[in-house]
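# Architecture and fold: a report
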Amino acid sequence: MEMSDKESPAESGSHPNVPSVDQSDRTLPRNLRQSGDPGIEMLISTRVRKSPFWHLSVEEGCWRATVYNRMYHPRGMRTEEEGGAMAEYDALVNRVTLWNVAVERQIRVKGPEAEELVNYVITRDATEIEPMHGKYAILCNQDGGILNDPVLLRLADDEFWFSISDSTLMQWLQGVNVEKGFDVEIDEIDVSPMQIQGPLSTDVMEDLFGEQIYDIPYYGLMEGEVNGCPVLVSQTGFSGEKGFEIYVRDSMKNAEAVWNPVLEAVKSYDGEVIAPAHHRRIAAGILSWGQDMDHETSPFQVNLAYQVPDDKEADYVGKEELERQREQIEAGNPPFNHELVGMKLGGEPIRDYAPDFWLVADPETGDEVGYLTSPWWSPELETNIALGFVPVDGTDLGTEYLVHLPDEYAEEPGEPVEARVVQVPFKESVHPSAREKAKMDAEEDANE
């Protein structure tokens, strides 16, 4: 069939669902379409799993959910009449909150060669992770794209847990080992985490576990019990606030027995159950897989270069490609067109999740050149903030752009708002972010 001479919708920009940003650029998500919020209901069926905490979240007022790791995930506890997501934000930054994050499924690698397999699939050096400690890590494919960015927990010399983000990992690990043949078992285990986040989280944890909670270092692990049920505790979280995670063992049996006393302790400090606080993690500059990066994203595009050490001798998946990318970047010829930056932007306060990747335009030409991944309103800065991809030669602080927001957020219907590149994080974390912590670790190693 011959192609028509007629200009395509993408070329003309006439179709609202086909942005003119070059879709051939591997840095752009495949679902970059401006279709808005359809206002439909989610179907609850047996095709998607319910976590052991699902009904407990519903009892606490969960009114909407998404699907994460093929499991229903609470994403709204306070209704709009109750203040919505920003009321949840207030509870997080001023008191203490309980999160249902059972969707962070635990993929266990256990066996005599567990360290060898883990070191082959993560970019950083697994041999440097001591037992009863964790690290933020990334796994890449052979093209250097980020497959997952879990918190990697090492419970023993021969046992690791991948606390995974929203992308299937177990089958990939099993597939890798079909060829490699490491002497390990790889499987999802019956462990479900919950998070205790906020400035009063330490008070809650002391009530639950005693003063030993103060002995856990950042990213450290501790075995414990709640209501006679075995749990693993870590000083980690997804908020940038002070926080902990409680990993409930045998969670199908022990969910209520752990959740209920933890919730009681949280409520004793005027705390509450909230949805995972994406508004706060954006302010802290914490990335979310699927929004800010995916399997086509290089770690060098999203401030994760520190996850690709230049002195790791052992081979790992993607090493050859990532080393090639590093050489190109050092030569001033990066192998990608966009990088992730922080932005402050105008418009009406964005107080909820964005249904689309809103487009970024050049203020001189009006051409669409990038897109926002994670926008939200910052109460502290009294402005909208966002993470987003812009051209690599337009990442300097202060660089100005235009952002096409929906009319509900635009200052004038149909008109873009002004934006500029700023420093990330927007709001300092109580604990350092994974990126900041890794840099601190590297500086300590360099000084030794």
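Going by an unreviewed UniProt entry, the protein carries the name Aminomethyltransferase and comes from Halalkaliarchaeum desulfuricum.

When helices and strands are counted, the protein shows ten helices and 21 strands. Restricting to contacts in the protein with at least 6 residues of sequence separation, those with at least 24 account for 68%. Of the roughly 20500 Å² that the protein leaves accessible, carbon and sulfur atoms contribute 44%.

What follows is about the packing of helix 4 (residues 114–121) against helix 5 (residues 170–180). With their axes 11 Å apart at the nearest point, helix 4 and helix 5 run at an angle of 110° to one another. In terms of their interaxial angle, helix 4 and helix 5 are classed as roughly perpendicular. Every pair of crossing elements has a handedness; the one defined by helix 4 and helix 5 is right-handed. Here Leu117, Tyr120 and Val121 of helix 4 lie close against helix 5, whose contacting residues are Trp172, Leu173, Val176, Asn177 and Lys180. Residues belonging to the contact of helix 4 with helix 5 are distributed by class as follows: six nonpolar, one polar and one charged.

So, on to the packing of aromatic side chains. Under the criterion given, the structure shown has nine aromatic pairs. A network of ring pairs unites the aromatic residues Phe357, Tyr371 and Phe389 as a single cluster. When the ring centre of tyrosine 120 is taken as origin, the NZ or CZ atom of lysine 180, which lies over that ring, is 4.5 Å away.

Another aspect to go through is the pairing of strand 19 (residues 383–391). Within strand 19, nine of the nine residues are buried, leaving the element largely enclosed by the surrounding structure. Where strand 16 (residues 338–345) lies against strand 19, eight bridges are found, and the strand directions are antiparallel. Looking across to strand 19, one finds that lysine 344 is bridged to isoleucine 385. Where strand 18 (residues 368–378) and strand 19 come together, seven bridges link them in antiparallel fashion. The partner of leucine 372 across the bridge, within strand 19, is glycine 388. With antiparallel pairing between neighbouring strands as the criterion, strand 18 and strand 19 make up a hairpin whose turn holds four residues, including glutamate 382 at a positive phi of roughly 55°.

With that out of the way, let us pick up helix 4. Buried residues dominate helix 4, accounting for six of its eight residues. If you check which residues of helix 4 are buried, you get Ala114, Leu117, Val118, Asn119, Tyr120 and Val121. Where helix 4 is buried, its residues contact strand 4 (106–110), strand 6 (139–140), strand 8 (151–156), strand 9 (159–163), helix 5 and strand 10 (185–188).

Before going further, it helps to examine the nonpolar core. Formed by 52 residues in total, the largest nonpolar core has its most connected members in Ile146, Leu153, Trp161, Met293, Val302 and Leu304. Looking at this core, the elements with two or more residues in it are helix 3 (84–94), strand 8, helix 8 (278–284), strand 18 and strand 19. Sorting elements by how many residues they give to this core places helix 3 first, with five residues. Mapped onto the domain boundaries, this core takes at least three residues apiece from domain 1 (49–329) and domain 2 (337–447). If we ignore the near neighbours within four places in the chain, the residues touching tryptophan 161 are Gln106, Ile107, Arg108, Val151, Leu152, Leu153, Leu155, Ile189, Val191, Leu232, Tyr247 and Arg249. Counting 33 residues, the second largest nonpolar core, distinct from the first, contains Met77, Val96, Met205 and Phe244.

A word on the UniProt feature "binding site: substrate" (unreviewed entry) in the protein. Under the present numbering, the feature "binding site: substrate" (unreviewed entry) in UniProt falls on Glu245. With respect to the element layout, glutamate 245 can be found in strand 14 (residues 243–249). According to the relative accessible area criterion, glutamate 245 is buried, its value standing at 2%. Those residues within four positions of glutamate 245 in sequence are excluded, and the remaining contacts are Val101, Glu104, Pro193, Met194, Gln195, Leu232, Val233, Ser234, Thr236 and Gly237. Within the structure, glutamate 245 has its side chain in polar contact with the side chain of glutamine 195 (distance 3.3 Å).

Once that is clear, we can look at the sheet that holds strand 4. Strand order in the open sheet made by the five strands is 5-8-9-4-10, with antiparallel pairing throughout. Across the chains shown, the open sheet's two edge strands, defined by having one partner strand only, are strand 5 (133–136) and strand 10. Within this sheet the neighbouring strands show an average axis-to-axis angle of 20°, counted without direction. In terms of strand pairing, strand 5 meets strand 8 through four bridges, oriented antiparallel.

Rules used throughout
- Residues numbered from 1 in each chain as written.
- Predicted model: local features only at pLDDT ≥ 70, side-chain atom pairs only at ≥ 80, totals over all residues.
- Heavy atoms only, no water.
- Helix = DSSP H or I, 4+ residues; strand = E, 2+ residues; numbered from the N terminus.
- Contact = heavy atoms within 4.5 Å.
- Areas by Shrake-Rupley, 256 points an atom, 1.4 Å probe, with all protein chains shown as cover.
- Axes fitted to C-alpha atoms, helices over the stretch in contact; angles between N-to-C directions.
- Parallel < 35°, antiparallel > 145°, perpendicular 65-115°, else oblique.
- Left-handed = near helix turned anticlockwise from the far one by under 90°.
- Nonpolar A, V, L, I, M, F, W, Y, C, P; charged D, E, K, R; others polar.
- Phe/Tyr/Trp six-rings, centres within 6.5 Å; stacked < 30°, edge-to-face > 60°.
- Lys NZ or Arg CZ within 6 Å of the ring centre and 35° of its normal.
- Buried < 20%, exposed > 50% of the residue type's maximum accessible area, 1.4 Å probe, protein only.
- Pairing = 2+ DSSP bridges.
- Core = buried A, V, L, I, M, F, W, Y, C linked by side-chain atoms within 4.5 Å.
- Domains from an automatic or database assignment.
- UniProt positions renumbered as here; feature names shortened; annotations may be inferred.
- Polar contact = N/O pair within 3.5 Å; in protein donor to acceptor, adjacent residues only side chain to side chain.

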